[in-house]
Amino acid sequence: MRALVVYESMFGNTHRIADAIADGMADGSDVSVFDVSDAPQRVPDDVDLLVVGGPTHAFSMSRLATRRGAARRGGAYTDVPEGLREWLHALPAPPSACAFAAFDTRVDMPLLPGAASQSAARVARKLGLEVVDTASFLVEGYEGPLVGGQLQRAREWGHGLTEQLAG
Ligand SMILES: Cc1cc2nc3c(=O)[nH]c(=O)nc-3n(C[C@H](O)[C@H](O)[C@H](O)COP(=O)(O)O)c2cc1C
């Protein structure tokens, strides 16, 4: 099985989760991980599973204005015109056999609504992809760090995805 993991990350937390997910997938698939700014503009025909992830910004996937907000707080990127939202919206319909899963990071506040993974899943369904799962991973504050246990959860989630598709 071939899998593609595409992530966006301002403070590095989502990047760490993406790497842990890929780690968990590695024994069941040939997995490549891309920062969204280096990701291919189309999903190659031999990819069986596309996994995307980004930080939850303003209850959804980031926008240019929220990325600038993150940059003002010391985030890695200053002016990124294309985040996960823009990449997904520009994506030509992937091969119909390709499954889709989405994850996000968000602050550990149960009453705060919205998650980038849910917004990404809505776009994927419009592209005709079957959404097999979504997951949120928690950070303690806007800049992080990750809440304890999230990297292990991410490895297990990645492993579960490959098992689900293999079975
Ligand atoms: C402009 C901005 C808006 C945010 N809005 C939300 C939000 O609506 N809900 C939430 O749970 N976290 C929100 N956050 C916190 C982010 O989810 C957090 O910064 C992110 O998970 C860190 O991931 P990263 O290190 O990969 O950038 C926001 C952060 C920024 C900078």
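Residues numbered from 1 in each chain as written. Predicted model: local features only at pLDDT ≥ 70, side-chain atom pairs only at ≥ 80, totals over all residues.

1. Re the overall build of the protein chain
Working step 1: Check the secondary structure of the protein chain and you find five helices and five strands.
Working step 2: What you see in the protein chain, going N to C, is helices and strands ordered as β-α-β-β-α-α-β-α-β-α.
Working step 3: For a compact globule of 167 residues, the expected C-alpha radius of gyration is about 15 Å, and the protein chain comes in at 15 Å, within 12% of that figure.
Working step 4: When contacts within the protein chain are restricted to residue pairs at least 6 apart in sequence, those whose partners lie at least 24 apart make up 76%. (Helix = DSSP H or I, 4+ residues; strand = E, 2+ residues; numbered from the N terminus. Rg over C-alpha atoms; globule rule 2.2 N^0.38 Å. Contact = placed C-beta atoms within 7 Å.)

2. Things to note about the sheet that holds strand E1 (residues 2–7)
Working step 1: An order of E2-E1-E3-E4-E5 is seen for the five strands of this open sheet, with the pairing classed as parallel. In this open sheet, the two strands that pair with only one neighbour each are strand E2 (30–35) and strand E5 (130–139). Strand-to-strand twist across the sheet, computed as the mean angle between neighbouring axes with direction ignored, equals 15 degrees.
Working step 2: Inspection of the sheet shows E1 paired to E2 by six bridges, in the parallel sense. (Pairing = 2+ DSSP bridges. Axes fitted to C-alpha atoms, helices over the stretch in contact; angles between N-to-C directions.)

3. Focus on the site of the ligand
Working step 1: The immediate surroundings of the ligand are formed by 23 residues, with Met10, Phe11, Thr14, Thr105 and Arg106 found nearest.
Working step 2: Split into classes, the residues belonging to the shell around the ligand amount to ten nonpolar, eleven polar and two charged. (Near = placed C-beta within 6 Å. Nonpolar A, V, L, I, M, F, W, Y, C, P; charged D, E, K, R; others polar.)

4. Structural notes on helix H5 (residues 150–166)
Working step 1: The first and last C-alpha atoms of H5 sit 24 Å apart over 17 residues, in line with the 24 Å expected at 1.5 Å per residue.
Working step 2: When H5 is considered as a whole, its buried residues turn out to be Gln150, Ala154, Trp157, Gly158, Leu161 and Thr162. Down the axis of H5, the buried side of the element spans an arc of 130 degrees, and every buried residue falls inside it. Among the exposed residues of H5, those pointing more than 90 degrees away from its buried face are Gln152, Glu163 and Ala166.
Working step 3: On its buried face, H5 is in contact with helix H1 (13–25), strand E3 (49–55), strand E4 (99–107) and E5. (Expected span 1.5 Å × (residues − 1). Buried ≥ 20, exposed ≤ 12 C-beta atoms within 10 Å, placed from the backbone. Arc of directions from axis to C-beta.)

5. Observations regarding the confidence of the model for the protein chain
Working step 1: Taken as a whole, the protein chain shows an average pLDDT of 94; of its residues, 98% reach a score of 70 or greater.
Working step 2: Least confident of the elements in the protein chain is helix H2 (residues 64–72), whose mean pLDDT is 91; most confident is H1, at 98. (pLDDT = per-residue confidence, 0-100.)

6. Focus on the nonpolar core
Generally speaking, nonpolar side chains in soluble globular proteins are found buried as a group.
Working step 1: Within the largest apolar cluster, 44 residues are counted, with the highest numbers of intra-cluster contacts made by Val5, Ile21, Leu49, Leu50, Val51 and Ala120.
Working step 2: Looking at this core, the elements that each hand over two or more residues are E1, H1, E3, helix H3 (84–90), E4, helix H4 (116–126), E5 and H5.
Working step 3: Tallying contributions element by element places H1 first for this core, with six residues.
Working step 4: Contacts of Val51, omitting those with residues within four sequence positions, involve Ala3, Val5, Ile21, Ala101 and Leu161. (Core = buried A, V, L, I, M, F, W, Y, C linked by C-beta atoms within 7 Å.)

7. Focus: the environment of Gly149
Working step 1: Examined against the element boundaries, Gly149 turns out to sit in the loop between E5 and H5.
Working step 2: Put simply, Gly149 and Leu138 are eleven residues apart on the chain and 9.4 Å apart in space, counted from C-alpha to C-alpha.

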